[in-house]
Structure formats: C-alpha cells, structure tokens
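One-letter residues, chain by chain:
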Amino acid sequence: MKIFTGSLLFTLLFGTALFFITLPDAYTQPSTIVQGVVIDDHGPIEDAHVRQRATDINAKTAADGTFTLSPVAAGSEIEVTAWQDGYYVSSVHVTPPTDTITITLRPYHQSDHPDYEWTSPVPNSSPGACGNCHPMLLSQWENNAHGTAVSNPRFFSLYNGTNLSGTLQIGDGFQNDFPNSAGTCANCHAPAAAIDGYLTTNMNDHHDVLTSGIHCDYCHKTGGVYINPATQSMYPNMPGAQSQRMLRPPSNDNIFFGPFDDIKDPDTFLPLISESQYCGVCHQFSFWGTPIYESYEEWLSTPYAEMGVTCQNCHMPPNGDSIFALPEVGGLEHPPEKIPSHLQLGAKDEAFLQNSIAMELEVNQHLDVVEVSVTITNTGAGHHIPTDFPGRQLILVLDVVNEKDQPLTQIDGPVIPDWGGNVAGRPGEIYAKLLRDIDSGEFPVVTYWKPTIIEKDNRIPALSSAKVVFLFTLPNQASTTNIRGTLWLRRVFATVAEQKEWRTPDILLAASDLNYTSEPVYNLYLPITMLSN
C-alpha cells in the first residue's frame, strides 16, 4: 500500500487487473467547523445569512445570533460573510479551526439621497466606473435593449414623429401630439433622470446620456418596488421609476444591491433583484385606462409564476462565466450556473425567440378539398407571444401549391389583411394586440399615448396553442400538394416601418413542410329514368 497526497492508492493485482480507489478530499484535507455570532451595534441578529464566500456552505443564525458553519476545510484561510435585510454584507477572514468569531453588520440608509451623482458604466471614465471591474457584464449589457434605451433610434422616431435618422418629420410621434408635454416615456427609457422628474423629463434632453438610462448604477441602487397589495401587480399608471424605491447613498458612502449574499460592503443582498416584480415596473402599465404593456401580469397568471420561474431565468440566463468581477479587484469564482448574465435577451435575439415556439401542420382530404390545420404552441415564453409593444406581430404565412408550384385556390380560412405589408392577401393569420385610435378610428395603430381601445387580441398565452384551419380546392386527378408554413416575428406594422425607414427584417421563428399526395376525385353520373303513368 502506498499513500499519496490527495488520494489513497490501493494496488490489488488479480491476474492482470489493477484497481485504483480515490478517496474524497475530506480524507486528505480534514474538515472542521466555524462557530460565531452575528451582531450589530444593538446586539445579536437572528436569521442572518452566514456563508463561506463563493460556496454552498451556509447557515442561519439563532435567536442569540450564533451560528455553526460546517463542514469547512481546516488549515486554509476562508472568508465568512453575513447578511440580514436592512444591512450591508460583512465578512471576516479566518483560518479554521479557530475560536468563536464575531461578524458585525452595518445597517444601510433607508431614505434616498438625490444629490448623489450617478457613476458611469464606461471603463476608465472614473475610478469607480462599473466597467473597470465588471467588463464581462458591461459587454453583455451595452448593446442590448437596456443598454441602448437612451439611444435607440426607433424609439426616438416615435417620440419625435420623425424618420429613423431624425432628419425628417413623418408619421406619428408623441411630441407632435403633445408638444408641451415631456410625457412619461423617460420613466422607463431614462429612469435615472426621471427618478427626479416623473412628468417633466424630456427624452430629447437625455439622448445618448448613458447615466440617464438603464445602467448598472441605477439598477443596483433600486432597493425595492411598489406593488398593489390587492392585485400583487403594479399600479397601472405608475410606470418605471415612479414605482421604484430608489436608495441613492449619502455623501461619502455607497451601496449596491445585488443577487448574492456574500459580496461585502458596500454591497448588499436583494432577493427582489432576482424576482419578476423587479422587472414588472416597466413591463406592466396602462395609458388612458387601456393596458399596453402586460407581460408581468401575463406571467403572473401562468404556472411559471407558481413554479418560481422568473423573468430573469429566461432573459438573463447563465452563460458559463464563473466570475462577474475581475480577480485583481477581489472577484472570486462562483458556480457558473448561479451567475446571471446581463444579456437581457429579447425581441431581436433569433435563437432565443425560436426556442419559445413550435408549429405543427396537419392535412386531410375531403373529396376535392384539402384541409390544412396549423397549430402554433407557445412552448417557452412565460408570457403571451408577442408581448408588450403593441406593434409586434406573430405572422403565419401558409403556401399551398401544386406540382407546378402554382397556388391552390383558397375557399376558406383566414387571409392576411391589407395592412400585412409584403404578405397581405396570402393565406395566413396575424397574432397581435391591435389598437384602434378612439378619435380618428384609425386601425391598427401604435400610438398608445393617445386614447385607444383594444380592437382585437389573439396573442398566444404561455403554454397555450392556437389552431387555424384552411381549405383549398384540389384538382380532380391524383397529384402532389406541397404545403409550407412559416412563422415570423414582425416588430412594427409595415406602414410604420416604411414611413419611418425602420429597416428591421422579420425574424423567422419556425418553418414546417408537408408533401401530400391526394386521392383522385371521381364524378358519378347516374342515368335519368322517366316514369310515366
């Protein structure tokens, strides 16, 4: 028998067989416990979270503030952290085994300090710039919908009533309809500015100003959201910053709310940051009494909410990174599956969208008629498809042709309406929330800043299916019919896109093909017999 560091090797020879048995690390690195107490200036703290940093070894304190952390490796320095609601995370470094340790928590401020100056996310823009320490997160955020909230040309073309470049006044625009109002758009698009002026922040004053938008420092200084206790949802007329509890720090202090309970002061743990309510303030609101963005309540009514599957689970999935801060500034490896990315996937991410939906074709023949059924299932989205912005459409296009690639004559089933752009008039269906302008009667519109009503809403809820049936005339003789269904996401109505020069291509979400050989159709002619008295 030979003993090696880290393993015990038994060599057993039976003929030519050789067996190696490796014992666990606990055998070679003895384990022990760490005991201690968590206190503040007034005494012990009950139910505090205690953890060996960057591990799953954790405990909670008893009524007298005491805890036992086990098992921890003996002989190596570890960092032990503690947190409780209302306090920063604190930590001590110890080398077990050790005497009882004391961790003192510092409470954080409970009121907002508007004099605080936002920190830029851009690397090297200041000593405390977020990108200095978190470049891996910055690269994920900077080109997504949140990172571009104050620069998105499509948004500004609707806000100002211009083309995409902003050089020509054309089409609808909020400022055209309400020239003396800033509106509430900034509450979600420039919340770091709107937090100090809910109804007075004009988006044009914050164009390309990153520290006015949805940036690192803003989100990580949001200490809570205001929820209607009667509905467990947002207040319908308080979008974005109006429904967020901002906790900017006093001078000479700082705070960052995050998803981990082991990142020390000036960081603190906020369970809410991983919950859908955190997102709901900008994804659930009404205008003029009409629900516009509804993805939060759509999610709330699904089994996903009961199962604890949140917005962040899908839109901020782990991407394999094991660190979220550079090692040279104290970043430690965490389990990759527990680190949320900042990708914030959405309406422009093809693979993400394609994984949310499925389509199935079925064909049946009835004499000289072929019936094509299309079933579309929302398999992966935790809300309706499409959701939020009412210009979005899910477009089904069905092509049914003969062997010569000539379309069969449609005799029943939906046809894409004339506002369907390049696919108008073809067999198909559009799934969308369609608004009508109350005053002008125009339909469909995206001008939800004016009084509108929901004329039609046939979107597909989470885990639900929509089935549509089409009928086509078959030729008398046996022949092959080629059937192809395609499913597309269009981000705005074709007329708006053309007016405003939005060159945003439709995204193909699903495609399905069927080749059907029809049975011959026979005509039966019976003789006519004349009967006489």
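Residues numbered from 1 in each chain as written. Predicted model: local features only at pLDDT ≥ 70, side-chain atom pairs only at ≥ 80, totals over all residues. Heavy atoms only, no water.

Chemist: Give me the lowdown on the packing of aromatic side chains, citing residues and values where you can.
Modeler: All told, the structure shown has 18 aromatic pairs when counted by the stated rule. Look at Phe-287 and Tyr-448: their rings are 5.4 Å apart centre to centre, the planes differ by 50°, and that puts the pair in the tilted class. Taken together, the residues Phe-287 in strand E17 (residues 285–287) and Tyr-448 in the loop between strand E24 (433–437) and strand E25 (452–457) connect sequence positions 161 residues apart. Considered together, Phe-287 and Tyr-448 belong to a single accessibility category, that of buried residues. Every member of this aromatic cluster is reached through a ring pair, and the members are Phe-155, Phe-156, Tyr-159, Phe-174 and Phe-178. (Phe/Tyr/Trp six-rings, centres within 6.5 Å; stacked < 30°, edge-to-face > 60°. Helix = DSSP H or I, 4+ residues; strand = E, 2+ residues; numbered from the N terminus. Buried < 20%, exposed > 50% of the residue type's maximum accessible area, 1.4 Å probe, protein only.)

Chemist: Talk me through the environment of Pro-407; I want residue IDs and the actual numbers.
Modeler: Tracing the backbone shows Pro-407 in the loop between strand E21 (393–401) and strand E22 (410–412). Along the chain, Pro-407 and Thr-481 lie 74 residues apart, while their C-alpha atoms are 9.4 Å from each other. Not counting residues within four places of it along the chain, the set of residues in contact with Pro-407 comprises Val-400 and Val-401. (Contact = heavy atoms within 4.5 Å.)

Chemist: An account of the side chain of Ser-341 is requested, with residue identities and associated values reported.
Modeler: Inspection of the secondary structure puts Ser-341 in the loop between helix H12 (311–315) and helix H13 (350–354). Among the polar contacts made by the side chain of Ser-341, one reaches the main-chain carbonyl oxygen of Pro-317 at a distance of 2.6 Å. Within the structure, the side chain of Ser-341 is placed 3.4 Å from the backbone nitrogen of Leu-343, a separation counted as a polar contact. Apart from residues lying up to four places away in sequence, Ser-341 is in contact with Gln-140, Met-316, Pro-317, Pro-318 and Asn-319. (Polar contact = N/O pair within 3.5 Å; in protein donor to acceptor, adjacent residues only side chain to side chain.)

Chemist: Any details on the environment of Val-72? Residues and values, ideally.
Modeler: Structurally, Val-72 is set in strand E9 (residues 66–73). For the pair formed by Val-72 and Gln-52, sequence separation is 20 residues and the distance between their alpha carbons is 8.0 Å. Look past the residues within four positions of Val-72 in its chain and what remains in contact with it is Pro-30, Ser-31, Thr-32, Ile-33, Val-34, Gln-52, Ile-57, Ile-78 and Pro-96.

Chemist: Residues and numbers for the pattern of salt bridges, please.
Modeler: Overall, the coordinates contain 18 salt bridges when judged by the stated rule. A salt bridge links Arg-248 to Asp-112; its shortest N-O distance comes to 2.7 Å. Within this pair, whereas Arg-248 is found in the loop between strand E14 (244–246) and strand E15 (256–258), its partner Asp-112 is found in the loop between strand E12 (101–104) and helix H2 (130–133), the two being separated by 136 residues in sequence. Here Asp-437 and Lys-450 are joined by a salt bridge, their closest N and O atoms 3.3 Å apart. With Asp-437 in strand E24 and Lys-450 in the loop between E24 and E25, this pair connects stretches of sequence that are 13 residues apart. The burial state of Asp-437 is the same as that of Lys-450; both residues are buried. (Salt bridge = Lys/Arg side-chain N within 4 Å of Asp/Glu carboxyl O.)

Chemist: Quick rundown of unusual backbone geometry? Include the residues and the values.
Modeler: Note that the residue after Ile-385, namely Pro-386, is joined by a cis bond; omega there is -10°. With respect to the helices and strands, Pro-386 occurs in the loop between strand E20 (369–378) and E21. Residue Phe-443 is joined to Pro-444 through a cis peptide bond whose omega torsion reads -10°. With respect to the secondary-structure elements, Pro-444 resides in the loop between E24 and E25. With a phi close to 65°, Asn-124 is a non-glycine residue in the positive phi region.

Chemist: Could you give me a rundown of helix H4 (residues 153–160), with the residues and numbers involved?
Modeler: Across the eight residues that make up H4, a large majority, six, are buried. If you check which residues of H4 are buried, you get Phe-155, Phe-156, Ser-157, Leu-158, Tyr-159 and Asn-160. Considering only its buried residues, H4 is in contact with helix H5 (174–177), helix H6 (186–189) and helix H14 (494–500). Put simply, Asn-152 is the residue that caps the front of H4, since its side-chain oxygen is 2.9 Å from the backbone nitrogen of Arg-154. Residue Gly-161 follows H4 closely and has a positive phi angle near 70°.

Chemist: Describe in detail the side chain of Thr-310, supporting the description with residues and values.
Modeler: The residue Thr-310 is located in the loop between helix H11 (303–307) and H12 in this model. In this structure the side chain of Thr-310 is engaged in a polar contact, spanning 3.4 Å, whose partner is the backbone oxygen of Ser-274. Those residues in contact with Thr-310 that sit more than four places away from it in its chain are Ser-274, Glu-275, Ser-276 and Trp-299.

Chemist: Tell me about the nonpolar core, and name the residues and values.
Modeler: Grouped together as the largest cluster of nonpolar side chains are 34 residues, with contacts concentrated most on Met-203, Ile-292, Phe-389, Val-446, Tyr-448 and Val-492. Of all the secondary structure elements, the ones that give two or more residues to this core are H4, E17, strand E18 (290–293), E21, E24 and H14. Of all the elements, H4 adds the most residues to this core, at four residues. Setting aside anything within four residues of it in sequence, one finds Tyr-448 in contact with Phe-285, Phe-287, Trp-288, Ile-292, Tyr-293, Phe-389, Pro-390 and Leu-435. Listed in part, the 30 residues of the second largest apolar core include Leu-353, Leu-398, Ala-466 and Ile-483. (Core = buried A, V, L, I, M, F, W, Y, C linked by side-chain atoms within 4.5 Å.)

Chemist: Lay out the sheet that holds strand E26 (residues 465–473) in plain terms, naming residues and giving numbers.
Modeler: Across the sheet, which stays open at both edges, the four strands sit in the order E19-E20-E26-E22 with antiparallel pairing between neighbours. Two strands bound the open sheet, and with one partner strand each, they are strand E19 (357–366) and E22. On average, each strand axis in the sheet is inclined to that of its neighbour by 30°, with strand direction left out of account. One ladder, built from two bridges, connects E22 with E26; its direction is antiparallel. (Pairing = 2+ DSSP bridges. Axes fitted to C-alpha atoms, helices over the stretch in contact; angles between N-to-C directions.)

Chemist: Give a description of the pairing of strand E10 (residues 78–83) that names residues and reports values.
Modeler: Burial within E10 is extensive, with six of its six residues counted as buried. Burial along E10 is two-sided: Ile-78, Val-80 and Ala-82 and Glu-79, Thr-81 and Trp-83, pointing in opposite directions, are all buried. Where strand E7 (residues 49–52) meets E10, four bridges bridge the pair, whose relative direction is antiparallel. Note on E10: the bridge partner recorded for His-49 is Trp-83. In this structure, E10 lies alongside strand E11 (residues 90–94), joined through five bridges in antiparallel fashion.

Chemist: Which residues make up the state of the cysteines, and what are the values?
Modeler: The final tally for this structure, using the stated rule, is zero disulfides. Free cysteine Cys-279: the closest other cysteine sulfur is in Cys-311, separated by 4.3 Å. Looking at Cys-279, the relative accessible area reads 22%, which means it is partly exposed. (Disulfide = S-S within 2.5 Å.)

Chemist: Give a description of the confidence of the model for the protein that names residues and reports values.
Modeler: Model confidence for the protein is summarised by a mean pLDDT of 92, while 92% of its residues fall at 70 or above. pLDDT under 50 marks residues 1–27. Its contacts with residues more than four places away, or in other chains, come to 26 contacts. (pLDDT = per-residue confidence, 0-100.)

Chemist: Break down the environment of Phe-256 for me, citing the residues and quoting the values.
Modeler: By the secondary structure assignment, Phe-256 is in strand E15. Sequence separation between Phe-256 and Cys-216 is 40 residues, and the spatial gap between their C-alpha atoms is 9.4 Å. Discounting chain neighbours no more than four positions away, the residues touching Phe-256 are Asp-217, His-220, Lys-221, Pro-266, Asp-267 and Thr-268.

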